[in-house]
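Letter by letter, the chains look like this.
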Amino acid sequence: MSLKLAFLDQSGTCARMGSPLMGRVLHILADVWAPDTALGLKMAEYQGDIGPAGHSLPLRIAGGMHALVLQGKSPALAAAYPPNKVDDATLQDAIVDALETNEDFLLDWTRHAPQTNEVRRSAALIAMAHVAASHFNRPIVLSELGASGGLNLMWDHFALEIAGERYGPADAALTLTPEWSGAAPPKALPQVVDRSGVDLNPLNLHADEDQLRLLSYLWADQPHRVELTRAATSVLSAQVDKGDAIDWLESRLADAPAGHMHMIQHTVAWQYFPAAAQARGTAMIEAAGARARDDSPLAWMQMETDGDTTGTVGAALTLRLWPGDITLNLGRADFHGRWINWTG
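What you are looking at is a predicted structure, and each value in this text was computed from that prediction instead of being measured.

Novice: Would you take a moment to explain the overall build of the protein chain for this structure?
Specialist: Looking only at helices and strands, the protein chain features 12 helices and 12 strands. Relative to its length of 344 residues, the protein chain is compact, with a C-alpha radius of gyration of 21 Å against a globular reference of 20 Å. A buried classification covers 51% of the 344 residues belonging to the protein chain. The contacts of the protein chain with a sequence gap of at least 6 include a subset with a gap of at least 24, amounting to 71%. A total of about 14900 Å² of accessible surface is found on the protein chain, and carbon and sulfur atoms cover 51% of it.

Now the structure itself:
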C-alpha cells in the first residue's frame, strides 16, 4: 500500500470512529504529501505494512501535527484546529505550512510508533472483572500485557454506568457511560491489591514529554477523551515495566501469591505479538490455569480483534477462568469503548 492510500484508509477509519477533523486532516495529507522532501524520503524507507497493524505511518504523522498544536509550535495549524472552525482550504494551507516549517520536529517525532492508552476500554474490563469476581471472590493481583502508560490498570478506581446500574467506587476518578446493549453484568466486589504491567515502550504519564506523546494521539475534536485521560492519570499508581510481554508474564505467573486471583488483561494488544509469542503465551497461561485452585484462581480477560468483518467492527470480549477452564464469550466492544454489545 502506498502512503497516499494509507492516508485515505486511515482517514475513513477516523471518520467512522467519530473524528471528522482527523478524517479531513488525513485526506488533505494524502492530497498534499510531497515524497521528495526529507520527511517524505524518510517515510519511504519503511518496508512492509505501513498501516495501523504495522508501522502506522499516517497516525505517526497526524500525531506529530497535533503535538505541534499542543506545544504551540505551529500558530497557523493551531488556528485551524478545534475549537476553531475553518474550511478545507484554510486547513490545507495550515497543514502545508506545518509540514514545511516543522520538518525537523516531524522527522524526530515519527521515529517512534504511536502511543495510545484508551481509557474507555476500561468499561469492558470492569464488566468482565465483575463476572470473574462473581465466580471467584478473591483479592486480585492484576497483570496487563501491552499496558502503555498503565491507565487501564486503574479500572477499579473508575465507575461504569450502564443499563441503569452503577459499578465502581462512590468517589470514582471518572465515570464511563458506553452505549450498552444486553443484560447488566453481575454485581460483585473485585478488589485489586496489586497491579503491574509491561510494555515494549512504556510511558511515564507523570513526565511532561510522555504525557504529550499520549495526548497527541487523542484526536483534537474529541476533548472528552482528554478529560478522561487526565482524570485517570490523577490516580495512576501502577508500575509498568519495559520489556517483552511474554517473558515478563512468565515471571509474573511464577510469583503469583497464593490466596489471590491472578487476573491477566490486555486490550487490542495481543494482535501485535508475533505468532510464536502468542502460542508461547497461551501455553504458559493454560499451564498456570491447570495448576490453579479454588483459593488461588486465574482469570484471563481479553478485548481483542476477532477478525469479524461481517458485523459491526470491534473487539471480542473473552474471559477464561481456572480452575475448570471456563471460557465465556461475553460480547463485543468498540475499539475505543464507545459501545458494548454484552451477551454474558
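So that's the structure; there's more coming.
Novice: Hey, could you run me through the pairing of strand β8 (residues 261–267) in this one?
Specialist: One face of the sheet, then the other: side chains in a regular strand alternate in exactly this way. Of all seven residues in β8, seven are buried, a share of seventy percent or more. Alternating positions in β8 separate into two faces, Met 261, Met 263, Gln 265 and Thr 267 on one and His 262, Ile 264 and His 266 on the other, with burial throughout. Bridge count between strand β1 (residues 140–145) and β8: five bridges; the pairing is parallel. Within the sheet, the bridge partner assigned to Ser 143 lies in β8 and is Ile 264. By the bridge criterion, six bridges tie β8 to strand β9 (residues 298–305) in an arrangement that is parallel. The residue bridging Thr 267 from the neighbouring strand is Met 303, located in β9. A crossover connection joins β8 to the parallel β9 through helix α12 (residues 275–291); in handedness this β-α-β unit is right-handed.

Novice: Mind showing me how you'd approach the sheet that holds strand β7 (residues 239–242) here?
Specialist: The pairing of strands in a sheet happens through backbone hydrogen bonds and is either parallel or antiparallel. Ordered in space as β5-β12-β11-β10-β9-β8-β1-β6-β7, the nine strands form an open sheet in which the pairing is mixed. Two strands bound the open sheet, and with one partner strand each, they are β5 (179–181) and β7. Going across the sheet, the axis of each strand differs from the next one's by a mean of 20°, ignoring polarity. Pairing of strand β10 (residues 315–322) with strand β11 (residues 326–333) involves seven bridges; the strand directions are antiparallel. Each residue of the ladder has a partner; that of Thr 318, found in β11, is Asn 329. Its contacts with the sheet put helix α8 (residues 122–135) on β5, β8, β9, β10, β11 and β12 (339–342), and the angle it makes with β10 is roughly 25°.

Novice: Hey, could you run me through the packing of helix α2 (residues 20–32) against helix α6 (residues 88–101) in this one?
Specialist: How two helices sit against one another is set out by the angle between their axes and by the gap between those axes. Relative orientation of the contacting elements α2 and α6 amounts to 65°, with a least axis distance of 10 Å. Here α2 runs over α6; the crossing is right-handed. Only Asp 88, Leu 91, Gln 92, Ile 95, Val 96 and Leu 99 of α6 make contact with α2, whose side of the interface consists of Leu 21, Arg 24, Val 25, Ile 28, Leu 29 and Val 32. Taken together, the residues of the contact of α2 with α6 break down into nine nonpolar, one polar and two charged.

Novice: I tried to follow empty space enclosed by the protein on my own but got confused; where do I start?
Specialist: Within the structure shown, the criterion is met by one cavity of 30 Å³ or more. Space inside the largest cavity adds up to approximately 40 Å³. Every residue along the wall of the largest cavity is listed here: Met 22, Leu 59, Ala 62, Gly 63, His 66, Ser 216, Tyr 217, Leu 218, Trp 219 and Ala 220. Considering every element that reaches the lining of the largest cavity, the biggest residue donor is helix α4 (residues 57–70), with four residues. Residue composition of the lining of the largest cavity, grouped by class: seven nonpolar, three polar and no charged.

Novice: What am I meant to see in the pairing of strand β6 (residues 192–199) here?
Specialist: Taking burial as the measure, the eight residues of β6 include six buried ones, the bulk of the element. Two elements, β1 and β6, share six bridges in a ladder whose sense is parallel. Looking across to β6, one finds that Glu 144 is bridged to Gly 197.

Novice: Could you clarify how one ought to interpret the packing of aromatic side chains in this entry?
Specialist: Pairs of aromatic rings are described using the distance from one ring centre to the other and the angle between the two planes. Following the criterion strictly, the structure yields six aromatic pairs and no others. By the ring-pair criterion, three or more aromatic residues cluster together here, those being Phe 105, Trp 109 and Tyr 217. When the ring centre of Trp 109 is taken as reference, the NZ or CZ atom of Arg 213 above it lies at 3.8 Å.

Criteria and cut-off values
Residues numbered from 1 in each chain as written. Predicted model: local features only at pLDDT ≥ 70, side-chain atom pairs only at ≥ 80, totals over all residues. Heavy atoms only, no water. Helix = DSSP H or I, 4+ residues; strand = E, 2+ residues; numbered from the N terminus. Rg over C-alpha atoms; globule rule 2.2 N^0.38 Å. Buried < 20%, exposed > 50% of the residue type's maximum accessible area, 1.4 Å probe, protein only. Contact = heavy atoms within 4.5 Å. Areas by Shrake-Rupley, 256 points an atom, 1.4 Å probe, with all protein chains shown as cover. Pairing = 2+ DSSP bridges. Right-handed = clockwise from strand over helix to strand, strands pointing away. Axes fitted to C-alpha atoms, helices over the stretch in contact; angles between N-to-C directions. Left-handed = near helix turned anticlockwise from the far one by under 90°. Nonpolar A, V, L, I, M, F, W, Y, C, P; charged D, E, K, R; others polar. 1 Å grid on protein atoms, 1.4 Å probe; cavity = no way out; pocket = protein on both sides within 12 Å on 5 of 7 lines; lining within 4 Å. Points joined across faces, edges and corners; volume = space filled by probe spheres on them. Phe/Tyr/Trp six-rings, centres within 6.5 Å; stacked < 30°, edge-to-face > 60°. Lys NZ or Arg CZ within 6 Å of the ring centre and 35° of its normal.

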